[in-house]
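Descriptive structure summary
One letter stands for each residue in the lines below.
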Amino acid sequence: KSNEEYESKQKEEINAKRILNTNPSLKLSDYAGFYEDELYGKAMIEFDGNDLKLILLPTEKLFVSKLEHWHFDTFQFKFKDEFLPRGFITFNFDSHRNILGFKIDLPNPDFDFNSMNFLKIKE
């Protein structure tokens, strides 16, 4: 029960920090492409005409999720792994608004998603 209370409080704190009525900096299709973390490997952001999807390619059956706009250039997701909480990815840019990559914010004691730095692969 105390674990459920803790998770509920964490969720409330995160939701309270959300900035409403914002939009992504770019068209959703501009976020699509391949990205790579030096240690983890490749990821793909896919755009299907309506929504973005995050796919971590080395484990694509488990670490895949639709992305939902959270605020600014941050999107929330929920992987298929029921033991993982929802996570967030935030895109970063250069001074010309070209996407450099993204970081994952997903607390997990077994795997450090937060240390990953996915850089956009030039096409």
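The paragraphs below set out a description of the structure included in this document. (Residues numbered from 1 in each chain as written. Predicted model: local features only at pLDDT ≥ 70, side-chain atom pairs only at ≥ 80, totals over all residues. Heavy atoms only, no water.)

1. A short note on the nonpolar core
The following threshold applies: The term nonpolar core refers to a set of buried residues drawn from Ala, Val, Leu, Ile, Met, Phe, Trp, Tyr and Cys, joined through side-chain atoms within 4.5 Å. Three exposure classes are used, based on accessible area relative to the maximum for each residue type with a 1.4 Å probe and protein chains only: buried under 20%, partly exposed in between, and exposed over 50%. Labels follow the DSSP assignment, with helices taken as runs of H or I lasting at least four residues and strands as runs of E lasting at least two, numbered in each case from the N terminus. Residue contacts follow a heavy-atom distance rule, with two residues in contact if any of their heavy atoms lie within 4.5 Å.
Counting residues in hydrophobic clusters, the biggest one holds 24 residues, and the most contacted among them are Ile45, Leu56, Ile89, Phe91 and Phe102. Those elements that provide at least two residues to this core are β2 (41–47), β3 (52–56), β5 (74–77), β6 (87–93) and β7 (99–105). Residues contacting Ile45, with those up to four places away along its chain left out, are Tyr31, Ala32, Gly33, Tyr35, Leu52, Lys53, Leu54, Leu67, Ile89, Phe91 and Phe102.

2. As for the sheet that holds strand β4 (residues 64–71)
The following threshold applies: Here, strands pair whenever DSSP counts at least two bridges between them. Throughout, an axis means a line fitted to C-alpha atoms (over the contacting stretch in the case of helices), and angles, computed between N-to-C directions, take values from 0 to 180 degrees.
Spatially, eight strands are ordered β1-β2-β3-β4-β5-β6-β7-β8 in a closed barrel, and the strand pairing comes out antiparallel. Averaged over all neighbouring strand pairs, the angle between strand axes comes to 30 degrees, with direction disregarded.

3. Here we look at the pairing of β4
Across four bridges, the pairing between β3 and β4 is antiparallel. Along β4, the bridge assignment pairs Ile55 with Val64. Direction of pairing for β4 relative to β5: antiparallel, over a ladder of three bridges. Paired with His71 across the two strands is Thr74, which belongs to β5.

4. Notes on the pattern of salt bridges
Going by this rule: Whenever Lys or Arg places a side-chain nitrogen within 4 Å of a carboxyl oxygen from Asp or Glu, that contact is recorded as a salt bridge.
Tallying each qualifying case throughout the model produces three salt bridges. A salt bridge links Asp51 to Lys66; its shortest N-O distance comes to 3.8 Å. Note that Asp51 is positioned in the loop between β2 and β3 and Lys66 in strand β4, a separation of 15 residues in sequence. You can call Lys66 partly exposed: its relative accessible area is 44%. Between Asp73 and Arg97 there is a salt bridge, and its shortest N-O distance comes to 3.1 Å. In this pair, Asp73 sits in the loop between β4 and β5 while Arg97 sits in the loop between β6 and β7, placing the two residues 24 residues apart along the sequence. Note on Arg97: relative accessible area 38%, which makes it partly exposed.

5. Looking at the packing of aromatic side chains
As a reminder of what qualifies: A pair of aromatic rings is counted whenever rings of Phe, Tyr or Trp (Trp by its six-membered ring) have centres within 6.5 Å, and the orientation is called stacked for planes under 30 degrees apart, edge-to-face for over 60 and tilted otherwise. Whether a charge sits over a ring depends on NZ of Lys or CZ of Arg being within 6 Å of the ring centre and within 35 degrees of the ring normal.
Taken as a whole and judged by the stated rule, the model has 15 aromatic pairs. Summarising the aromatic geometry, the rings of Phe111 and Phe113 are spaced 4.8 Å apart at their centres and angled 70 degrees between planes, so their arrangement reads as edge-to-face. Relative accessible area serves as the criterion here: at 33%, Phe111 is assigned to the partly exposed category. Taken together, the aromatic side chains of Tyr31, Tyr35, Tyr40, Phe63, Phe75, Phe77, Phe79, Phe91, Phe102, Phe111, Phe113 and Phe118 make up a single cluster linked through ring pairs. Over the ring of Phe93 we find Arg97; its NZ or CZ atom is 3.7 Å from the centre of that ring.

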